[in-house]
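Structural characterization, general
What follows is the residue order along each chain.
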Amino acid sequence: MIRFAVVVIVLLTDVPFSLEEDDNVLHIGGIFPIRGKGGWQGGQACEPAVRLALEDVNKNSILSGYQLKLHWNDSECDPGLGASVMYDLLYNKPQKLMLLAGCSTVCTTVAEAAKMWNLVVLCYGASSPALSDRNRFPTLFRTHPSATVHSPTRITLMKKFEWYRIAILQQTEEVFISTVEDIETRCKQNGIEIITRQSFVSDPADAVKNLRRQDARIIVGLFYVVAARKVLCEMYKQQLYGKAYVWFFIGWYKDNWFEVNLKEEGIKCTKKEMRIAAEGHITTEALMWNQNVNQKTISGQTSEDFRKRLENVLRLEGYAIDRHRYPEGYQEAPLAYDAVWAVALAFNKTMTILEKQGKSITSFNYNNKEIADHIYSAINSTQFLGISGWVAFSSQGDRIALTQIEQVINGKYVKLGYYDTQDDNLTWFDKEKWIGGKVPQDRTVIRRVLRTLSIPLLICMWVITTIGILGAVSLIVFNVLNHHRRVIAQSYPACNTIMLSGCVLSLSSIYLFGLDGQIISPSVFPNICQIKTWVLSIGFTLGYGAMYSKVWRVHRLHTSQKKSAIRKALQPWKMYSIVIFLLAVDVAILFLWQCMDPLKRDIQVFPMENPLNSNDDIKIRPELEHCKSENHNFWLSLTLSYKGLLLLFGLFVSYETRSVKLRQINDSRYVGMSIYNVVVTCLITTPVIMVTASQQDASFAFVALSVIFCCFLSMALIFVPKVIEVIRDPHDKPESKYNPDAGMSKEDEDKYKRLIEENKQLAAKIKEKEERLKQLKSDLFSLRGDTDKTELKWNDESQLTEHSFLSQSLSRIDENSQM
């Protein structure tokens, strides 16, 4: 809002567009953070460095008769105050040709608004990665390297010492937020895990405690120096220092930053405690001083000459330089010095171009985009050797620089090496020292232990499985050899063979489920995953599909075609087509699964455990391998849905045909019982397996036992009566008490009952007639006379005829009951 207000006020105000009456002076604006209480107050040393640069530039006559003059004010590293300072500089005379600024938050505000005045902004002290956005900051350059220059340096060090697990602690400032985003991107590209990202506003106590809870060992800290002292004290309290920890701090703090201002800032740690906590930490910083102290720069002096001059100026301003009490911004002072030289060189190039066009740089105003573009192009192409080293800018306006790596050893910073980002080259001096004498690990040493199946359990299940397979093969042989027997022929031996083949495949899958990391290598494991999925799924389809086809045909014949269909011979191809269809669906799903999303070896990691006998810093990490694909839940749901519907249909059909008996399918009742068994077992076992997936022994036992139980019981129900029938009835009689369904349908049973009832009624009538005949015979001897004899003879013959008819009817009923 402040930024927007400034822009509106300036645009609506009559800003002067002429230079000062002294036309040989080129004016620039300066914004320095000096007296603030937070953030980076680097203007304390950078403003004196700029004064020295102006003095040298004006003496050097690089501007061809022009003098460079600075107008500046203090921003206190506050973006609101910085915007106000910028407005004052632009609104008040004389007109400015360019702006110098420091502190990332202030530079963000200034650079985002300056484009509206066609002003180029050069930041001597701003490391925020957000400032590299050319769309947002089209006229920004900076002699201070971006904070992202530290990221590849840190990543290189982490890879050098094999640190692939880090944590980040940051202060909630834009510069650090942008830096963390860059670190996260680079860590992801290099396979480095960020276990936690903690942030704080002013008090880091809770954030540091969280680092300890996360077992962080390698920690990147991003915060200003005032917050850094609070963090260091909290580190000491939480004991996050010593041989097991490595901290990365920002390198532009003063060398004795962890020993000063402790009382003033309310730090509740002593200097000794702060030194103990700071020992061994590593800093990375862009090189801000030319490392060749004897090399003369564009100003004609060496970096050491400039150091002496700057320290003399700082002494006059009251800083205890002789006691190594440097003001904030001392490390960045060469950047501010070189920024003025970059401005002077850019103005020189611009004036040369404008003179050829008959124009002057003094004609610049805030509406003159042409001269602004010339200044932009000139500074973009500027390259020179300065006090801070070689000065050049990237296409994003960032400074290209080397990175220096230091470590605190015995309370002093020691240079460990340099890193060239452009060439990806690390120069290492092998001067690092670690507490404890060895490189700290990035984590507690973790021993990976693969959970495998119990050998006794595995052997037991494999033995039972082998017995089951041998039994199924024996039954296949029995089924083939006795296919001509009525008890076998009327149960469709081909379907029985298919069912037994499914049992063999299903039982064989138990061998495959028992193959884990103790038997096979990880490279073979995905192949076993594919094979066991195919074997179990097809085995289930063959075994269950063959039984389902039988009860389905019984149901169809019973419900649709009624009695007329029973007399017709069943067509076997209709039963086999059901199995073929189910098998085709199975193969289609498995084929698509394997081609589109093949199963792979997936590792499930369990919480770490303490070893039983070890004094070292070791944790046990149990792992369990699973077969899993990218979209495993989708494929598993699809397969289980298909199988589940098939089970429900089978259950429904079996229930509907529970009392139906057909001569053509004589074992339908036992097949229905087998289907009940499979359905119930699957309904119980499937959820149990899902719950116990992380318990390898329990999961394997449930899978194996459910397959064994279904196969054994199905084979027993369907084939044990047949085996007994064949053994007890070598002559193939049509009925037996061991095969009560043979040759008897529901219609036949009803007909038989009716005939028995009729037989009883006729027998009663015959008995009644026989008693009547006896009575008539006794009456023959008592009757006299021819007439009576004739009449008696006629009645007697009539009764005999009726008796004969009843006897013949009873004989026919007996014959029908035997059919």
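Below is a short write-up of the structure. (Residues numbered from 1 in each chain as written. Predicted model: local features only at pLDDT ≥ 70, side-chain atom pairs only at ≥ 80, totals over all residues. Heavy atoms only, no water.)

1. Points about the overall build of the protein chain
Definition in use: The numbering of helices and of strands both runs from the N terminus, where a helix is a DSSP run of H or I of at least 4 residues and a strand a run of E of at least 2. Only protein chains enter the accessibility calculation, which uses a 1.4 Å probe. A residue is then buried if its area is under 20% of the maximum for its type, exposed if over 50%, and partly exposed in between. Only the protein chains shown count as cover for residues, with accessible areas throughout obtained via the Shrake-Rupley method and a probe of 1.4 Å.
What the protein chain contains, in helices and strands, is 22 helices and 18 strands. With 819 residues in all, the protein chain has 50% of them scored as buried. About 39200 Å² of surface is accessible on the protein chain, with carbon and sulfur atoms providing 55% of the total.

2. A closer look at helix 8 (residues 225-238)
Convention followed: To estimate the expected span of a helix, subtract one from its residue number and multiply by 1.5 Å. Note on contacts: a residue pair is in contact if any heavy atoms of the two residues lie within 4.5 Å.
Its 14 residues give helix 8 an end-to-end C-alpha distance of 20 Å, which sits within 8% of 20 Å, the value for a rise of 1.5 Å per residue. Those residues of helix 8 that sit buried are Val225, Ala227, Ala228, Arg229, Val231, Leu232, Cys233, Glu234, Met235 and Gln238. Next to the buried residues of helix 8 lie strand 6 (165-171), strand 7 (193-200), helix 7 (205-213), strand 9 (246-250) and helix 9 (271-278). Looking one or two residues beyond helix 8, the residue adopting positive phi is Gln239, at roughly 60°.

3. Overview of the sheet that holds strand 16 (residues 445-450)
The condition is simple: DSSP bridges decide pairing: two strands pair if at least two such bridges lie between them. The axes are straight lines fitted to the C-alpha atoms, using for helices just the contacting stretch, and the angles between their N-to-C directions are given from 0 to 180°.
Read from one edge to the other, the open sheet built from three strands follows the order 16-18-17, with strand pairing classed as mixed. Looking at the sheet topology across the chains shown, the edges are occupied by strand 16 and strand 17 (600-605). The average angle at which neighbouring strand axes cross in this sheet is 35°, direction not considered.

4. Points about unusual backbone geometry
For the bond running from Lys93 to Pro94, omega is -5°, close enough to zero to count as cis. Considering the arrangement of structural elements, one finds Pro94 in the loop between helix 3 (79-91) and strand 3 (98-102). One non-glycine residue, Cys77, lies in positive phi territory at about 60°. Mapping Cys77 onto the fold places it in the loop between strand 2 (67-74) and helix 3.

5. Quick look at the nonpolar core
Inclusion rule: By nonpolar core is meant a set of buried Ala, Val, Leu, Ile, Met, Phe, Trp, Tyr and Cys residues that side-chain atoms within 4.5 Å join together.
Within the largest apolar cluster, 140 residues are counted, with the highest numbers of intra-cluster contacts made by Leu68, Leu122, Leu169, Trp247 and Phe347. If one sorts the elements of this core by residue count, helix 11 (residues 333-356) sits on top with 15 residues. Excluding residues that lie within four positions of it along the chain, Trp247 makes contacts with Leu169, Leu211, Ile219, Val231, Met235, Leu240, His281 and Ile282. Grouped together as the second largest cluster of nonpolar side chains are 42 residues, Ile469, Leu475, Met499 and Ile589 included.

6. Section: the layout of surface pockets
Rule in force here: With a 1 Å grid spanning the protein atoms alone, the term cavity applies to any set of points in which a 1.4 Å probe fits but cannot get out, the term pocket to an open set with protein on both sides within 12 Å along at least five of seven lines, and the term lining residue to any residue with an atom within 4 Å of a point. Grid points are joined across faces, edges and corners, and a volume is the space filled by probe spheres set on the points. Three classes are used: nonpolar for Ala, Val, Leu, Ile, Met, Phe, Trp, Tyr, Cys and Pro, charged for Asp, Glu, Lys and Arg, and polar for all others, with Gly counted as polar.
Each pocket or cavity is described by its volume, and for the second largest pocket that value is around 780 Å³. Mapped by element, the contributors of at least two residues to the lining of the second largest pocket are strand 10 (282-286), helix 10 (303-316), strand 13 (403-409) and strand 14 (412-420). If one sorts the elements of the lining of the second largest pocket by residue count, strand 14 sits on top with four residues. Classifying every residue of the lining of the second largest pocket by side-chain character gives 12 nonpolar, 10 polar and 11 charged.

7. Some details on the packing of helix 13 (residues 455-481) against helix 20 (residues 696-728)
Axis angle and axis distance: for two packed helices, these are the angle between their axes and the distance between the axes, and together they describe the pair. Under the convention used in this document: Relative orientations are named as follows: roughly parallel for angles under 35 degrees, roughly antiparallel for angles over 145 degrees, roughly perpendicular for angles from 65 to 115 degrees, and oblique for any other angle. Note: crossing handedness is left-handed where the near helix turns anticlockwise from the far helix by less than a right angle, and right-handed where it turns clockwise.
At their nearest, the axes of helix 13 and helix 20 sit 10 Å apart, and the two run at 25° to each other. In this view, helix 13 runs roughly parallel relative to helix 20, as classed from their interaxial angle. Where helix 13 crosses over helix 20, the two elements pack in a sense that is left-handed. Facing helix 13, whose interface residues are Leu457, Leu458, Met461, Ile464, Thr465, Gly468, Ala472, Leu475, Phe478 and Asn479, helix 20 presents Asp697, Phe700, Ala701, Ala704, Leu705, Ile708, Phe712, Met715, Phe719, Lys722, Val723 and Val726.

8. Here we look at the packing of aromatic side chains
To keep things clear, this is the line we draw: Under the pairing criterion, centres of Phe, Tyr and Trp rings, with the six-membered ring standing for Trp, must be within 6.5 Å; the plane angle then separates stacked pairs below 30 degrees from edge-to-face pairs above 60, leaving the rest tilted.
In total, this model carries 28 aromatic pairs according to the counting rule given. Judged by centre distance (5.1 Å) and plane angle (55°), the rings of Phe141 and Tyr376 are tilted. Taken together, the positions of Phe141 in strand 5 (residues 140-142) and Tyr376 in helix 12 (residues 369-380) put the pair 235 residues apart, joining distant regions of the chain. On the basis of relative accessibility, which here comes to 0%, the residue Phe141 falls in the buried class. Between Trp163 and Trp434 the ring centres are 5.8 Å apart and the planes differ by 85°, which places this aromatic pair in the edge-to-face class. Taken together, the positions of Trp163 in the loop between helix 5 (150-160) and strand 6 and Trp434 in the loop between strand 15 (425-428) and strand 16 put the pair 271 residues apart, joining distant regions of the chain. You can call Trp163 buried: its relative accessible area is 0%. Residue classification places Trp434 among the buried residues on the basis of a relative accessible area of 15%. Site record: aromatic cluster; members linked through ring pairs are Phe200, Phe223, Trp247, Phe249, Tyr253, Trp257 and Phe258.

9. Comments concerning the state of the cysteines
Our working definition: Our working definition of a disulfide is a cysteine sulfur pair at a distance within 2.5 Å.
Enumeration according to the criterion identifies four disulfides in this entry. A sulfur-sulfur separation of 1.9 Å characterises the disulfide bridge that pairs Cys77 with Cys103. Every disulfide takes its handedness from the sign of the S-S torsion; for Cys77 and Cys103 that torsion is 60°, giving right-handed. Residue Cys77 is found in the loop between strand 2 and helix 3, and its partner Cys103 is found in the loop between strand 3 and helix 4 (104-114); the two are separated by 26 residues along the sequence. Looking at Cys77, the relative accessible area reads 10%, which means it is buried. Covalently, Cys233 is tied to Cys269 through a disulfide, its sulfur atoms 2.0 Å apart. Residues Cys233 and Cys269 are joined by a disulfide whose S-S torsion is about 80°; by sign, that bridge is right-handed. Of this pair, Cys233 sits in helix 8 while Cys269 sits in the loop between strand 9 and helix 9, and the two are 36 residues apart along the sequence. A single burial state applies to Cys233 and to Cys269, both of which are buried. Disulfide partners in the protein chain, listed by the sequence order of the bonded cysteines, are 1-2, 3-4, 5-6, 7-8.

10. Side note on a nonpolar patch on the surface
As a reminder of what qualifies: Each patch is built from residues lacking any salt bridge and having more than 30% relative accessible area; the joining distance is 9 Å for like charges and 5 Å for nonpolar side chains (Val, Leu, Ile, Met, Phe, Trp, Tyr). Within this document, salt bridges are pairs made up of a side-chain nitrogen of Lys or Arg and a carboxyl oxygen of Asp or Glu, the two lying within 4 Å of each other.
On the surface, a cluster of nonpolar side chains totalling about 430 Å² of accessible area is made up of Ile455, Ile459, Val463, Ile467 and Phe712. With respect to the helices and strands, the residue Val463 is situated in helix 13. Residue Val463 is classed as partly exposed on the basis of its relative accessible area, which comes to 44%.

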